[in-house]
Amino acid sequence: MKVLVQVRGEVNINGDIRDTLEMLNLGRVNHATLVPEEPSYVGMVTKVNDYVAHGTPSQGTVELLLARRATPAEGEGDIDDEWVAENTDYADVEALAQALLAEETTLQAAGLSPTIRLHPPRGGHKGIKQPVATGGQVGVHETADIDQILEAMR
């Protein structure tokens, strides 16, 4: 499972890329989503590579995102162990995070909104116009790097 975080805006971008971002449930800057590592998503992620930061997160980071930023698909409420036990097949947030990373379920299948709305990064982005290779934040990240970005946006 990969996490995608939109770090660049949609002004003056190609319509195909905007449509792909919509298909990936990324409609605005600082929104994130989890996508499975399937061939159908690989091309989509490649297409939006210049507008998102993406990588495989650690389980602890997914738990943090679910607990702090995830929202139910319907209704209101905080995502905690009690909500997860009542509304999903999992006992707690940790088990749900484990299932998400193992691609056993998706955010929508678990009754959560497919989009995770994040806070702008504390300390700012390192550079949203530059790829990772030149010190920016756009493109593929290692697990530790994507965890650091998500922690700053918690």
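The notes below deal with the structure included here. Everything numeric here is computed off the predicted structure, so don't read it as measured data. (Residues numbered from 1 in each chain as written. Predicted model: local features only at pLDDT ≥ 70, side-chain atom pairs only at ≥ 80, totals over all residues. Heavy atoms only, no water.)

**Overview of the pattern of salt bridges**
- Applying the stated rule across the entire model yields two salt bridges.
- E10 is the partner of R18 in a salt bridge, and the nearest nitrogen-oxygen pair spans 3.4 Å.
- Using a relative accessible area of 17% as the deciding quantity, one classes E10 as buried.
- Among the salt bridges present, the one from E151 reaches R154, with a minimum N-O distance of 3.8 Å.
- E151 gets classed as partly exposed once you look at its relative accessible area, which sits at 39%.
- Exposure remark for R154: the relative accessible area of 28% places this residue in the partly exposed category. (Salt bridge = Lys/Arg side-chain N within 4 Å of Asp/Glu carboxyl O. Buried < 20%, exposed > 50% of the residue type's maximum accessible area, 1.4 Å probe, protein only.)

**Remarks on a negative patch on the surface**
- On the surface, D78, D80, D81, E82, E86 and E94 cluster together into a negatively charged patch.
- It is helix α4 (residues 81–87) that contributes the most residues to the negative patch, three residues altogether.
- Its place among the elements puts D81 in helix α4. (Patch = residues over 30% accessible without salt bridge, like charges linked within 9 Å, V, L, I, M, F, W, Y side chains within 5 Å. Areas by Shrake-Rupley, 256 points an atom, 1.4 Å probe, with all protein chains shown as cover. Lys, Arg positive; Asp, Glu negative; His and termini not counted. Charge placed at Lys NZ, Arg CZ, Asp CG, Glu CD. Helix = DSSP H or I, 4+ residues; strand = E, 2+ residues; numbered from the N terminus.)

**Regarding the environment of V84**
- With respect to the helices and strands, V84 occurs in helix α4.
- Put simply, V84 and A109 are 25 residues apart on the chain and 12 Å apart in space, counted from C-alpha to C-alpha.
- Excluding anything up to four places from it in sequence, V84 contacts I79, Y90, A91, D92, V93 and L96. (Contact = heavy atoms within 4.5 Å.)

**As for the nonpolar core**
- Grouped together as the largest cluster of nonpolar side chains are 28 residues, with contacts concentrated most on L66 and L118.
- Among the secondary structure elements, those contributing two or more residues to this core are β1 (2–6), β2 (31–35), α3 (59–69), α4, α5 (93–101) and α6 (143–152).
- The leading source of residues in this core is α5, at four residues.
- Those residues within four positions of L66 in sequence are excluded, and the remaining contacts are I79, V93, L96, A97, L100, L107 and L112.
- The next biggest cluster of nonpolar side chains, apart from the first, holds 12 residues, and it includes L4, I17, L21 and L26. (Core = buried A, V, L, I, M, F, W, Y, C linked by side-chain atoms within 4.5 Å.)

**Considering the pairing of β2**
- Most of β2 is tucked away: five of the five residues are buried.
- Residues H31, T33 and V35 of β2 are buried on one face, and the alternating residues A32 and L34, pointing to the opposite face, are buried as well.
- For β1 and β2, the ladder comprises four bridges, and the chain directions are antiparallel. Its bridge partner being in β2, L4 is matched across the sheet by T33.
- Pairing of β2 with strand β4 (residues 116–117), which is carried by two bridges, proceeds in the antiparallel orientation. Following the sheet pairing, H31 is matched in β4 by R117. (Pairing = 2+ DSSP bridges.)

**Some thoughts on the environment of H125**
- Turning to its location among the elements, H125 is positioned in the loop between β4 and β5 (139–140).
- Each C-alpha atom of the pair H125 and I149 lies 8.4 Å from the other, and the pair is 24 residues apart in sequence.
- Excluding residues within four positions of it along the chain, H125 makes contact with V7, N30, Q137 and M153.
- A distance of 2.4 Å separates a polar atom in the side chain of H125 from a polar atom in the side chain of Q137. (Polar contact = N/O pair within 3.5 Å; in protein donor to acceptor, adjacent residues only side chain to side chain.)

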